[in-house]
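So you can see what is in the structure, the chains are spelled out below.
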Amino acid sequence: MAPPQAPANGGAAGHGGIVNVNGGGVDGGAAPSPSEAESNNGAGGRNGVGNSNGVDGGAAAAANGNGKQRADSRRKNKKKKPAVSPKDKYWTPIDDEEAAAAVEDGGEDGRRPLLFRTYRVKGILLHPYRLLTLLRLIAIILFFIWRIRHPHADGMWLWWISMVGDFWFGVTWLLNQVAKLNPIKRVPDLALLKQQFDDLPDGNSNLPRLDVFINTVDPINEPMIYTMNSILSILAVDYPVDRTATYLSDDGGSIIHYEGLLETANFAAMWVPFCRKHSIEPRAPESYFAVKSRPYTGNAPDEFADDHRRMSREYDEFKVRLDALFTKIPERSDAYNAEAKDGAKATWMADGTQWPGTWFDPAENHKKGQHAGILKVMLNHPGDEPQFGAPASAANTLDFSAVDVRLPMLVYISREKNPGYDHQKKAGAMNVQLRVSALLTNAPFIINFDGDHYVNNSLAFRAAMCFMLDRRDGDNTAFVQFPQRFDDVDPTDRYCNHNRVFFDATLLGLNGIQGPSYVGTGCMFRRIAVYGIDPPRWRSDDFKIVDNTNKFGKSMSFINSIPSAANQEWSMTSPPADEESIKEELDSVMKCAYEEGTEFGKEIGWVYNIATEDVVTGFRVHRTGWRSMYCRIEPDAFRGTAPINLTERLYQILRWSGGSLEMFFSHCPLLAGRRLNFMQRIAYTNMTAYPISSVFLVFYLLFPVIWIFRGEFYIQKPFPTYVLYLVIVIVMTELIGMVEIKWAGLTLLDWIRNEQFYIIGATAVYPLATLHIVLKLVLRGKGVSFKLTAKQATSTVNEKYAEMYIVQWAPLLIPTIVVIAVNVGAIGAAIGKAIVGGWSILQMADASLGLVFNAWILLLIYPFALGIMGRWSKRPYLLFIFFVIAFVIVAGVVVAIHVARTGSVRFHFRHSGGASFPTSWGF
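Residues numbered from 1 in each chain as written. Predicted model: local features only at pLDDT ≥ 70, side-chain atom pairs only at ≥ 80, totals over all residues. Heavy atoms only, no water.

Listed in UniProt under the heading Subcellular location (unreviewed entry), the comment for the protein chain reads: "Golgi apparatus membrane". (UniProt positions renumbered as here; feature names shortened; annotations may be inferred.)

Following this line, the structure appears as structure tokens:
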């Protein structure tokens, strides 16, 4: 049986209508697909009021007059056979016997059920995939044996460089490939999770507590509308409302973020009940209102059209209020400063007090990098009992009388900044969140987001919990990583933002070893794993959770919270943050000096002094002996924004590649301890050393320069045999890729974009990253600096994908432009020499092989060439015309040079005669 793709619609499928927003009504047409019905049945039992409310879904449906319809729908859905997704047709379950045994024991003797199913690739694809890998490895070995036996070239120095380069390419390919030989897919069972943890006699839930971390810095480069949408989607997630708390870290100390969060908390009081009442997906309003029609899965279709129109108006007004903060706050501050008459240009809060963070006009102790710590509880911890909203009235047309209107806890944090300390950017901010949340809620699980990512599937938190709570290896699972998906990426994904080969193939391969790497956002952690505590399977008999209090700092309240965090069934009511005792502790753990003499940034929390703190932190957790899980569900769990501007994308890749090399030299995976699986360390080695390949790759890409100026020049003789080996190896690589596309559920375009942007990265940024790390090692300088990736604000851009057509010239564009010029020149020179050179058929064949290589390189760099064309790239055929013109110009130059030397030009092939033309004809 193919694996049922993880549940998706976020709630009960009481009605299968299609919501037509434009028409303002609900059509009773298309019913949900069998797989959707199964998902809804499994996880949406309380969806009328949201699973977080502690109110039975049947009661809510009855309250809305839809109880009978919903029951009938459930009976019908159970009879339907789940649909098989095209992505799942090549996967087969491998835990049938274990699952059947788990059903028979029924969770007796306190045993937890199996909360996910495990699948592997069917033999019809897996065996050819492995065989092709083996055959390619044999071909590579034979290739090297042949080259060693034939050390012949026009320049032996070139032969040696190519030998070392080819050997490195072979090694890196093998490192990359072996990690994908046993891909494993695990699919959460949300229906069973609900049955075991939600369907309790008292109507409450036993799901563990969860703290959510969101990080942002700049409301301009990271538009605030993204961050607030992220928070709204988290507040509305389908998880017990009294068991989640959200912490926003504003590392810029901006009053814009603070007052924007106040506006968001007020808007959430209407938005979250609306989501629960109508079971809408996604629960980020910007994304939700962008789609004009979608299936309706709520319980009040008669009220939906009016409610939708009201919420749409409220959201538009909410965005206006957010935008107004950029002028409202300065105007208010100017008014207060005029009254104060003390000469200071302070930034003022609405209550008439000065903002303790960064001011619009920077001043001592009120500027970026220097301000006091700030902690504000925006929404207090809710009670355990549901609180139903008010019925519709003349003042409020939204009827929430059958909906729990409680909101999860929401906290604003801006840590202390002092110019005398290195604040360690995002990693430092998250470690402060770690300590603050431990004092307030101390949830045993944590999930973190970048400020531009939102919850796209309201069941995502529950999906991750299926892995954490599973009885097989749940206790030894440190984190669950979701793939990154993005909105507003052009349909062709020109710059490979989706990176599907990595997320949908490589991470599934790692899932069959010790687990996927941590990729920075959309990841649920077990808190004690982040604290650097050993997993259960590696603990000795005399194990202590806290073996050394000094490494955690001087806050005894924080240290005492650590053992409680190890108990995933532990529940705590958050203490008021304004109590003097807890206030002092919170202020202490937010201070810059708190981490002095501790292990924070090393063996505790997120790792410091490296650009890719995410990968290194995940590596440290794996090295301790923990494992991780990969969770891919539909609809996508989370979505975010990605840079669609070429220069911004290259800067992003520069940070990743430079950070990867830093990790290779500072945290070498090959030297990790015995707790790291051997294949896992091979995978980490590949993930950190890959930029080195660019040194040899750039050499190959620029090799045509020699041919242009010297004519025939071979790096290996006999050349035809050399080319034959290369063709065999390349063809086998592509065959392996085609099989991988099938089992990973990719498209051919995904594969092509991956290859294209690897070459672009290898010419534009990987050499720079490699050079930077070499200089760092030699000169003991700093590592790759963190550059915040600018995001496009959709509300201020009239043209879709406008950022993609903007050319931001930067030095890192130059190397790839040179590669393009060299290969265009090589093709043009070959045409010119063919015209005047009198080549033999063999020479023509050799030149044709070279031209194929040049054309292939230009095809791989095609997205880059479009990027530097700016708005002209809207007509891609122009690029082809430019190339043809360039070929003709270069060929004309070659012919002209020949004419200048000989006084005439003769067009001919050897042994075939020809025709001579006088130079007066203009050649």
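On we go.
Draft legend 1. Looking closely at the overall build of the protein chain. In terms of helices and strands, the protein chain carries 29 helices and 21 strands. Considering only residue pairs separated by 6 or more positions, the protein chain has 80% of its internal contacts joining residues 24 or more positions apart. Approximately 37,600 Å² of the protein chain is accessible, and the part contributed by carbon and sulfur atoms is 59%. (Helix = DSSP H or I, 4+ residues; strand = E, 2+ residues; numbered from the N terminus. Contact = heavy atoms within 4.5 Å. Areas by Shrake-Rupley, 256 points an atom, 1.4 Å probe, with all protein chains shown as cover.)

Draft legend 2. Layout of the pattern of salt bridges. Applying the stated criterion across every chain yields a total of 37 salt bridges. One salt bridge in this structure joins D504 and R485, with 2.8 Å as the shortest N-O distance. Note that D504 is positioned in helix α14 (residues 500-511) and R485 in the loop between β15 (477-481) and β16 (486-487), a separation of 19 residues in sequence. On the basis of relative accessibility, which here comes to 1%, the residue D504 falls in the buried class. For the salt bridge of D487 with R639, the shortest nitrogen-to-oxygen distance reads 2.6 Å. Residue D487 is located in strand β16, and its partner R639 is located in strand β19 (residues 638-641); the two are separated by 152 residues in the primary sequence. Residues joined by salt bridges that share partners form a network here, namely R485, D487, R500, D504, R632, D636 and R639. (Salt bridge = Lys/Arg side-chain N within 4 Å of Asp/Glu carboxyl O. Buried < 20%, exposed > 50% of the residue type's maximum accessible area, 1.4 Å probe, protein only.)

Draft legend 3. Inspection of the pairing of β19 at higher detail. Burial along β19 is two-sided: F638 and G640 facing one way and R639 and T641 facing the other are all buried. In the sheet, strand β14 (residues 454-455) pairs with β19 via two bridges, with the strands oriented antiparallel. Considered in β19, the bridge of Y454 is made with R639. Bridge count for β16 against β19 is two bridges, and the pairing is parallel. Across the sheet, residue D487 finds its bridge partner in β19, namely T641. (Pairing = 2+ DSSP bridges.)

Draft legend 4. A look at the packing of aromatic side chains. Inspection of every chain in the model, using the stated rule, returns 52 aromatic pairs. An angle of 75° between the planes, with centres 6.1 Å apart, marks the rings of F144 and F167 as edge-to-face. Within this pair, whereas F144 is found in helix α5 (residues 123-149), its partner F167 is found in helix α6 (residues 156-178), the two being separated by 23 residues in sequence. Here F167 falls in the exposed class, since its relative accessible area comes to 51%. Ring geometry for F482 and F638: centres 4.9 Å apart, planes at 75°, overall edge-to-face. (Phe/Tyr/Trp six-rings, centres within 6.5 Å; stacked < 30°, edge-to-face > 60°.)

Draft legend 5. Structural view of a nonpolar patch on the surface. Taken together, W872, Y877, F880, I881, F882, V884, I885, V888, I889, V893 and I897 make up a surface patch of nonpolar side chains, about 1,100 Å² in accessible area. Mapped onto the fold, F880 is located in helix α29 (residues 877-902). (Patch = residues over 30% accessible without salt bridge, like charges linked within 9 Å, V, L, I, M, F, W, Y side chains within 5 Å.)

Draft legend 6. Highlighting the sheet that holds β14. Strand order in the open sheet formed by three strands is β14-β19-β16, with mixed pairing between adjacent strands. The sheet is open, and its two borders are formed by β14 and β16, each paired with just one other strand.

Draft legend 7. Seen up close, the UniProt feature "binding site: Mn(2+)" (unreviewed entry) in the protein chain. Per the UniProt record, "binding site: Mn(2+)" (unreviewed entry) is annotated on K426 and D450. Annotated residues spanning 25 residues; largest pairwise C-alpha distance 9.6 Å, indicating a single compact cluster. Mapping K426 onto the fold places it in helix α12 (residues 425-440). With relative accessibility at 17%, the residue K426 sits in the buried group. Among all residues touching K426, those that are not within four sequence positions of it are N215, N448, D450, G520 and E613. In this structure the side chain of K426 is engaged in a polar contact, spanning 2.7 Å, whose partner is the side chain of D450. Within the secondary structure, D450 is located in strand β13 (residues 445-450). D450 gets classed as partly exposed once you look at its relative accessible area, which sits at 22%. With sequence-adjacent residues up to four places away left out, D450 is seen in contact with I214, N215, S230, K426, G520 and T521. (Polar contact = N/O pair within 3.5 Å; in protein donor to acceptor, adjacent residues only side chain to side chain.)

Draft legend 8. Representation of the UniProt feature "transmembrane region" (unreviewed entry) in the protein chain. This chain's UniProt record puts "transmembrane region" (unreviewed entry) on residues 129-146, 158-176, 689-710, 722-745, 757-779, 809-832, 844-865 and 877-900. When the span residues 129-146 is considered, its composition is 100% helix and 0% strand, and the gap between its end C-alpha atoms is 26 Å. Secondary structure within residues 757-779 divides into 96% helix and 0% strand; the distance between the first and last C-alpha atoms comes to 31 Å.

Draft legend 9. Highlighting the sheet that holds strand β4 (residues 116-121). Judged by pairing direction, the sheet is antiparallel, and its three strands sit side by side in the order β3-β4-β5 without closing on themselves. Bordering the open sheet on either side are β3 (91-93) and β5 (184-188), each of which pairs with just one other strand. If you compare each strand with its neighbour and ignore which way they point, the axes differ by 35° on average. Pairing of β3 with β4, which is carried by three bridges, proceeds in the antiparallel orientation. Its bridge partner being in β4, P93 is matched across the sheet by Y119. Sheet contacts for α14: β3 and β5; angle to β5, the most-contacted strand, approximately 90°. (Axes fitted to C-alpha atoms, helices over the stretch in contact; angles between N-to-C directions.)

Draft legend 10. Inspection of the side chain of S233 at higher detail. Examined against the element boundaries, S233 turns out to sit in helix α8 (residues 224-235). A polar contact is formed between the side chain of S233 and the backbone nitrogen of V455, at a distance of 2.9 Å. Every residue in contact with S233, bar those within four places of it in the chain, is listed here: R283, A284, Y454 and V455.

Draft legend 11. Summary view of the nonpolar core. One finds L210, W271, F461 and F638 to be the most contacted residues of the largest nonpolar core, which totals 82 residues. No other element matches helix α9 (residues 255-278), which puts 12 residues into this core. Sequence-distant contacts of F461, that is, excluding residues within four places in its chain, are made with L210, V212, V237, Y239, I447, F449, V455, M524 and F638. A139, F502, A744 and W751 belong to the second-largest nonpolar core, a separate cluster that totals 47 residues. (Core = buried A, V, L, I, M, F, W, Y, C linked by side-chain atoms within 4.5 Å.)

Draft legend 12. Looking closely at helix α7 (residues 190-197). Taken residue by residue, α7 has L190, L192, L193, K194 and F197 as its buried positions. The residue sitting at the N-terminus of α7 and contributing the capping side-chain oxygen is D189; that oxygen lies 3.3 Å from the backbone nitrogen of A191.

Draft legend 13. How the structure looks around unusual backbone geometry. Residue P635 is reached from E634 by a cis peptide bond, and omega for that bond is -10°. Take P635: it is sitting in the loop between β18 (627-630) and β19. Cis geometry marks the peptide bond from K717 to P718, where omega comes out at -5°. Within the fold, P718 resides in the loop between α22 (704-710) and α23 (719-744). Located in the positive-phi region is K425, a residue other than glycine, with phi close to 50°. Mapped onto the fold, K425 is located in helix α12. Given the relative accessible area of 45%, K425 is considered partly exposed. The phi torsion at D493 lies on the positive side, around 50°, for a residue other than glycine. Relative to the helices and strands, D493 resides in the loop between β16 and α14.

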